[in-house]
Amino acid sequence: MLDKPQRVAVDAPALDGGIKKPNLLTVEQAKDLSVADMTTLFKDHLNPGQLHFMKLLGFNKIKVETAEGMYYIDQNGRKILDFFGGFGSLALGHNHQRLISARKQFQDENRHEIAIAFMSQYAAALAKNLAEIAPGDLDMVFLGSSGSEAMEAAIKLAERVAGPKRPRIVYAENSFHGKTRGVLSITDGPLYRGEFKLLENNVKVPFGDIDAIRRAFESDPTIGVLVLETIQGGGGINIAPPEFWQDVRALCNKHGVIWVADEVQCGVGRSGRFFAFEYANVVPDITAVAKSLGGGKTAMAAMIARREIYMKAYGTPKTAMIHAHATFGGIGEACITAIETLNVLYDEDLIENSAVQGEYLLERLMALKDKYPKIIKDVRGQGLMIGLEFQDFSQTLPLVLRPVVAVLDDKLKGSLSGFIGALLLRDYDTLVAFTEYNRNVIRLLPPLICERQHVDHLCDALDDLLGRGIVRIVKDFVGTQFG
């Protein structure tokens, strides 16, 4: 049993001589922190466990000084090509000049940020734009600051409309919907679930399995809500064919189930459509976007619902405030940033570019899969949301060694993707992302401004790296720990 923490009494500050300012760092001092100082502060005050993994991959040696377009620039002036993309939050790349100009003008004119007592012209305009973009009758908008917040609003709305007699929610294996308590209850990850006491009104089905959803609906009349990512991000970039989504829509209509499409990561043009569900020519009852909606300059999220659904839950003066915007929902500068982001997305044809460059990236990666079948297991995705899955470690080795190493495959999951991700950064100035559940997958989520030359840089680097062979890759990775 852990010892009880000792509580230290602290005297309230005396006011007779004024309150003494603590030893606070200034903005300029923060900017000038060394890598060593950053490491100490991160370990002491942020997340020492996360620091362990950064060190393992060699990411702890980087101090980002500036960022522009497709690149980070570190303390040595080194340009790092960003195929990580802030887990999909950088549709316009780093520091798009139109966003900087819009935000500067907003600040220079002293426009209002928080005006909770009044209507906000910026929140109203952003809601109108989202309704204009969304298909069908998705036209009622809730504004928040994170994907978790938007998804919390979505499941609360859906549950309220489904009613107390139908409280159960169907969700998918390998799903990720957020880390706040409600959406964590339908996030299929033991790591994130920890030992929290979560909501139990849920039913899990395999992703993309329409028969499993049908059986669940037919066997349990208390099911009122279905929540699915249109493209699973944390699960390893898993997609389902258009026919699946068409069947989902038909089943939900038949059984009176509210369909919530989570587009927090795959939305805002990343899939090559503004919403990934548009590929199937269907419309959910509720959807949520976040990530890139803030243009990489602010935290912005939105739930968008069919008007009929929204009005049933919150359409009267008595019910209007049950789930109203939080203090920072619709804050002024965040809204104008999102407004400008949406305009840039269309003015610069970035949704179409995502489709075109994504197709080229898939083509090049598939060629690498054919060239290195013992290393690359699968390539999948839509637009600029692509997963590169590696074989289990034993499968990359000579036949005589496979049976011996195969017993360790589960413990070694993620090792090869980690080795390759670390070496891409060290030797090729390229940053990639990883996935929460299938650790053998590298996740590629570059900004939608990505050009053919950037795809070629990544794929040429992968080709050169994989051409070293597994033994040398392992040796070279070990060198990152001591180099």
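Note that this is a predicted model, so its numbers are computed, not measured. (Residues numbered from 1 in each chain as written. Predicted model: local features only at pLDDT ≥ 70, side-chain atom pairs only at ≥ 80, totals over all residues. Heavy atoms only, no water.)

**Considerations on the sheet that holds strand β14 (residues 433-434)**
Item 1. A sheet is described by the order of its strands in space; here four strands give the open sequence β11-β12-β15-β14, paired in antiparallel fashion. Either end of the sheet is taken by a strand with one partner, and the two such strands are β11 (376-382) and β14.
Item 2. Where β14 meets strand β15 (residues 441-444), two bridges bridge the pair, whose relative direction is antiparallel. Note that in β15 the partner of A433 across the bridge is R443. (Pairing = 2+ DSSP bridges. Helix = DSSP H or I, 4+ residues; strand = E, 2+ residues; numbered from the N terminus.)

**Observations regarding the pattern of salt bridges**
Item 1. Across all of its chains, the model carries 27 salt bridges by this definition.
Item 2. For R249, the salt bridge goes to D285, with nearest N and O atoms at 3.1 Å. Taken as a pair, R249 in helix α11 (residues 242-255) and D285 in the loop between β8 (258-262) and β9 (286-289) lie far apart in primary sequence, 36 residues in all. With respect to class, R249 is no different from D285; both count as buried.
Item 3. As a salt-bridge pair, R364 and D456 come within 3.0 Å of each other at their nearest N and O atoms. Note that R364 is positioned in helix α14 (residues 350-371) and D456 in helix α18 (residues 452-466), a separation of 92 residues in sequence.
Item 4. Here R364 falls in the buried class, since its relative accessible area comes to 19%. (Salt bridge = Lys/Arg side-chain N within 4 Å of Asp/Glu carboxyl O. Buried < 20%, exposed > 50% of the residue type's maximum accessible area, 1.4 Å probe, protein only.)

**A closer look at the sheet that holds strand β2 (residues 71-74)**
Item 1. The mixed open sheet is built from four strands, whose spatial order is β1-β2-β3-β13. The sheet terminates laterally at β1 (64-68) and β13 (430-431), the two strands that pair on one side only.
Item 2. In this structure, strand β3 (residues 79-82) lies alongside β13, joined through two bridges in parallel fashion. When the sheet's bridge partners are listed, D82 is paired in β13 with L431.

**Digging into the side chain of D74**
Item 1. Among the secondary structure elements, D74 is positioned in strand β2.
Item 2. Despite its burial, D74 pairs with no opposite charge, the nearest such side chain being R78 at 4.1 Å.
Item 3. A distance of 2.8 Å separates a polar atom in the side chain of D74 from the backbone nitrogen of N76.
Item 4. With residues near it in sequence (within four places) discarded, D74 still touches I62, K63, V64 and E65. (Lys, Arg positive; Asp, Glu negative; His and termini not counted. Polar contact = N/O pair within 3.5 Å; in protein donor to acceptor, adjacent residues only side chain to side chain. Contact = heavy atoms within 4.5 Å.)

**With respect to the pairing of β1**
Item 1. Pairing between β1 and β2: four bridges, direction antiparallel. Along β2, the bridge assignment pairs E68 with Y71.
Item 2. Between β1 and the antiparallel strand that follows it, β2, lie two residues; G69 among them carries a positive phi value of about 60 degrees.

**Structural notes on α11**
Item 1. Across its 14 residues, α11 extends 20 Å between first and last C-alpha, which sits within 8% of the 20 Å expected from 1.5 Å per residue.
Item 2. Along its buried surface, α11 packs onto α10 (210-219), β7 (223-229) and β8.
Item 3. Positive phi appears at G256, one or two residues downstream of α11, with a value of about 65 degrees. (Expected span 1.5 Å × (residues − 1).)

**Some remarks on unusual backbone geometry**
Item 1. One non-glycine residue, F87, lies in the positive phi region at around 50 degrees.
Item 2. Along the chain, F87 turns up in helix α4 (residues 85-88).

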